[in-house]
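# An overview of the molecular structure
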Amino acid sequence: MPDVLVEYQSEIWVSIGETFVMVGFAILAALLVGLPIGTFLFLCRKGQLLENQFVFSSLNLIVNLIRSFPFLLLVIFMVPFTRFVMGTAIGTVAATLPMMIIAMAHYSRLVEQSLLDVPKGVMEAAVSMGASIKDIIFKFLYVEARSALVLSMTTSTISFISYSTIMGVVGGGGIGDFAIRYGYQQFRTDLMIYVIIIILVFVQFIQYAGITLARKIDKR
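Below is a short write-up of the structure. Small disclaimer: the values here were computed from a predicted structure and weren't measured.

About the criteria used
Residues numbered from 1 in each chain as written. Predicted model: local features only at pLDDT ≥ 70, side-chain atom pairs only at ≥ 80, totals over all residues. Heavy atoms only, no water. Helix = DSSP H or I, 4+ residues; strand = E, 2+ residues; numbered from the N terminus. Buried < 20%, exposed > 50% of the residue type's maximum accessible area, 1.4 Å probe, protein only. Contact = heavy atoms within 4.5 Å. Areas by Shrake-Rupley, 256 points an atom, 1.4 Å probe, with all protein chains shown as cover. Axes fitted to C-alpha atoms, helices over the stretch in contact; angles between N-to-C directions. Parallel < 35°, antiparallel > 145°, perpendicular 65-115°, else oblique. Left-handed = near helix turned anticlockwise from the far one by under 90°. Nonpolar A, V, L, I, M, F, W, Y, C, P; charged D, E, K, R; others polar. Phe/Tyr/Trp six-rings, centres within 6.5 Å; stacked < 30°, edge-to-face > 60°. Expected span 1.5 Å × (residues − 1). Core = buried A, V, L, I, M, F, W, Y, C linked by side-chain atoms within 4.5 Å. Salt bridge = Lys/Arg side-chain N within 4 Å of Asp/Glu carboxyl O.

What follows covers the overall build of the protein chain. The secondary structure content of the protein chain amounts to eleven helices and zero strands. Going residue by residue from the N terminus, the α and β elements of the protein chain occur as α-α-α-α-α-α-α-α-α-α-α. With respect to the three principal axes, the spread of C-alpha positions in the protein chain is 65 × 40 × 25 Å. In the protein chain, buried positions account for 42% of the 220 residues. For the protein chain, the share of sequence-separated contacts (at least 6 apart) that also reach a separation of at least 24 residues comes to 73%. Accessible area of the protein chain: about 12,000 Å², with a carbon and sulfur share of 68%.

Okay, here's the thing in structure tokens:
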């Protein structure tokens, strides 16, 4: 192990832990909130089971606004709200809130796109069998789109890692912030390069794991 990594070993592990916390909460928010929102967007579209133009347009506008908002500005804009909800706007725990907000919007759009790729025949077959909305969602839509949903989560997770590097502006920490503060700002180019390599390894592992899982569960 290079001497510079040994020197900053404890700080690097702390930073990796902070990244895991932020990305972990983002993934949780994406699954618990983003998945239902994306599903609801799909079902409320014109010609779908729960067609409702007002609901669809409202949700679609909110998702688009959040996704189009530059993330750094979103973090700063949310400072008062973050302080109100979390009790503070500084630190890793507080940084999870903006991460969760962008995660919901990011993954919900990918979920909607994944469900749009489900053949119409699947929905028609489910309706003809008298399946309930709940059964259509969990036994038909999610089953048919499971591979695409996994790939979408893989893409989202990699984006969450990228977003986490920005959280240093509110003291969120993370491995990306470490590279900026200890590497770039202190002119330790070697340290910055090593940390970038660590980030790339994480990203490649997530990409490989996601693709492998998607292929394994794709029965088409």
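Picking up after the structure, the text goes on.
Let us now look at the environment of L31. Residue placement: L31 occurs in helix 2 (residues 9–43). On the basis of relative accessibility, which here comes to 39%, the residue L31 falls in the partly exposed class. Separated by 76 residues in sequence, L31 and Y107 place their C-alpha atoms 8.0 Å apart. The contacts of L31, once residues within four sequence positions are left out, are P36, Y107 and M153.

What follows concerns the packing of helix 2 against helix 3 (residues 53–68). At a minimum axis distance of 9 Å, the contact between helix 2 and helix 3 shows a crossing angle of 135 degrees. Judged on the interaxial angle alone, helix 3 and helix 2 are oblique. Handedness of the crossing formed by helix 2 with helix 3: left-handed. Contacts between helix 2 and helix 3 pair I37, F40 and L41 from the former with V55, F56, L59, N60 and V63 from the latter. Looking at the contact of helix 2 with helix 3, its residues break down into seven nonpolar, one polar and no charged.

With the rule as written, the count across this model stands at five aromatic pairs. Relative to Y163, the ring of F71 lies with its centre 4.8 Å away and its plane at 40 degrees, an arrangement referred to as tilted. You can see F71 sitting in helix 4 (residues 71–77) and its partner Y163 sitting in helix 9 (residues 146–164), a full 92 residues away along the chain. Taken as a pair, F71 and Y163 share a single burial class, namely buried. Ring centres of F178 and Y182 lie 4.5 Å apart, and the angle between their planes is 25 degrees; on these two criteria the pair is classed as stacked.

A word on helix 9. With 19 residues, helix 9 ought to run about 27 Å at 1.5 Å a step, and its terminal C-alpha atoms sit 27 Å apart, in line with that. Burial of helix 9 is extensive: 14 of the 19 residues sit out of reach of the surface.

Our next topic: the packing of helix 6 (residues 92–116) against helix 9. Two quantities define a packed helix pair, namely the angle between the axes and the distance from one axis to the other. Running from N to C, helix 6 and helix 9 point in directions that differ by 155 degrees, and their axes come no closer than 10 Å. One finds that helix 6 runs roughly antiparallel with respect to helix 9. Along this stretch, helix 6 crosses helix 9, giving a crossing that reads as right-handed. Note on element contacts: helix 9 touches helix 6 through A148, L149, S152, M153, T155, S156, S159, F160, Y163 and S164, opposite M99, I102, A103, H106, Y107, L110, V111 and S114.

Of all hydrophobic cores here, the largest spans 51 residues; its most connected members are F71, M99, L141, F160, M167 and L191. In terms of residues, this core owes the most to one element, helix 2, which gives nine residues. Judged by nonpolar contacts, the second largest core, of five residues, contains L41, F56, V63 and A105.

Let us now look at the side chain of T154. Here T154 shows up in helix 9. Once residues lying within four places of it in the same chain are set aside, the contact partners of T154 are I206, Q207 and G210.

Turning next to the pattern of salt bridges. Pairing is possible between side chains of opposite charge, provided their charged atoms come close. Tallied over the entire structure, the rule returns six salt bridges. Between E112 and R109 there is a salt bridge; the shortest N-O distance is 2.4 Å. On the criterion of helical spacing, the pair formed by E112 and R109 is a turn pair, its members being three residues apart in helix 6. The pair E112 / R109 is uniform in exposure class, with both members buried. Salt bridges linked by common partners bring E7, R188 and D190 together as one network.

The values reported here are purely geometric and, on their own, carry no functional implication.
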